[in-house]
Amino acid sequence: MLIDLKIVSPRGLYANKQVKSLTLTSVEGQMTILPNHIPIFAALVPCELTLRYEEGDNEVYAISGGFFQFDKNQSMLLTDAVEGRGEIDLERAQKAYERAKERLEKRDSDTNMKRAELALKRAINRINTYSK
């Protein structure tokens, strides 16, 4: 038994895959979804999405957060941004990390701290995903 996973971004359908399991992180914490899991709807934080295939192979993606829905082995992940390891521009991710870190260290009234923290988390996620 496999899970039918659709990954959708603002650009449209990013991927439609059959997976043995998937691991991601919701606002409640990390979770792994296996076939016949109970129905779930979850808000996601920036995290790695790990897909495991029937053959034993894994694929890792960086997602910027979003929403995940699962019911009857059908799942949909809605996200603003998704990148596979080969799509990540490491230099760009490192520059985004430095910019976010500088904004957080500055801590003046013009800095939106929540936005800077989220930018930092996204950059770290992309760098970590690239490094896998």
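Residues numbered from 1 in each chain as written. Predicted model: local features only at pLDDT ≥ 70, side-chain atom pairs only at ≥ 80, totals over all residues. Heavy atoms only, no water.

**Overview of the side chain of Glu48**
At step 1: Mapped onto the fold, Glu48 is located in strand β6 (residues 47-52).
At step 2: The exposure class assigned to Glu48 is buried, which follows from its relative accessible area of 19%. (Helix = DSSP H or I, 4+ residues; strand = E, 2+ residues; numbered from the N terminus. Buried < 20%, exposed > 50% of the residue type's maximum accessible area, 1.4 Å probe, protein only.)

**Notes on helix α1 (residues 90-106)**
Three or four residues apart is the spacing at which side chains of an α-helix point the same way, because the helix has 3.6 residues per turn.
At step 1: Given a rise of 1.5 Å per residue, 17 residues ought to cover 24 Å, and the 24 Å separating the end C-alpha atoms of α1 matches this to within 8%.
At step 2: Residues of α1 that are buried include every one of Ala93, Ala96, Ala100 and Leu104, and no others. Burial along α1 is one-sided: seen end-on, the buried residues are contained in an arc of 70°. Exposed positions of α1 whose direction lies more than 90 degrees from the buried face are Glu91, Glu102, Glu105 and Lys106.
At step 3: In this structure, the buried residues of α1 make contact with α2 (113-131).
At step 4: Structurally, the start of α1 carries an N-cap: the backbone nitrogen of Glu91 is 3.2 Å from a side-chain oxygen of Asp89. (Expected span 1.5 Å × (residues − 1). Arc of directions from axis to C-beta. Contact = heavy atoms within 4.5 Å. Polar contact = N/O pair within 3.5 Å; in protein donor to acceptor, adjacent residues only side chain to side chain.)

**Points about the environment of Val82**
At step 1: With respect to the helices, strands and loops of the structure, Val82 is situated in strand β10 (residues 82-84).
At step 2: Separated by 68 residues in the primary sequence, Val82 and Tyr14 have C-alpha atoms spaced 8.0 Å apart.
At step 3: When near neighbours in sequence (up to four residues on either side) are disregarded, Val82 contacts Ile7, Tyr14, Tyr61, Ala62, Ile63 and Glu87.

**Details of α2**
At step 1: Between the first and last C-alpha of α2 there are 27 Å, a value that for 19 residues agrees with the 27 Å anticipated at 1.5 Å per step.
At step 2: Here α2 has its buried residues at Ala116, Ala119, Leu120, Ala123, Asn125, Arg126, Ile127 and Thr129.
At step 3: On its buried face, α2 sits against β6, β7 (58-63), β10 and α1.

**Digging into unusual backbone geometry**
With the exception of glycine, most residues fall at negative phi, and the peptide bonds are largely trans.
At step 1: Positive phi, close to 65°, is recorded for Asn36, a residue that is not glycine.
At step 2: With respect to the secondary-structure elements, Asn36 resides in the loop between β4 (29-33) and β5 (40-44).
At step 3: Judged by its relative accessible area of 57%, Asn36 is exposed.
At step 4: For Asn73, which is not glycine, the phi torsion reads 60° and is therefore positive.
At step 5: Topologically, Asn73 is positioned in the loop between β8 (66-71) and β9 (74-78).

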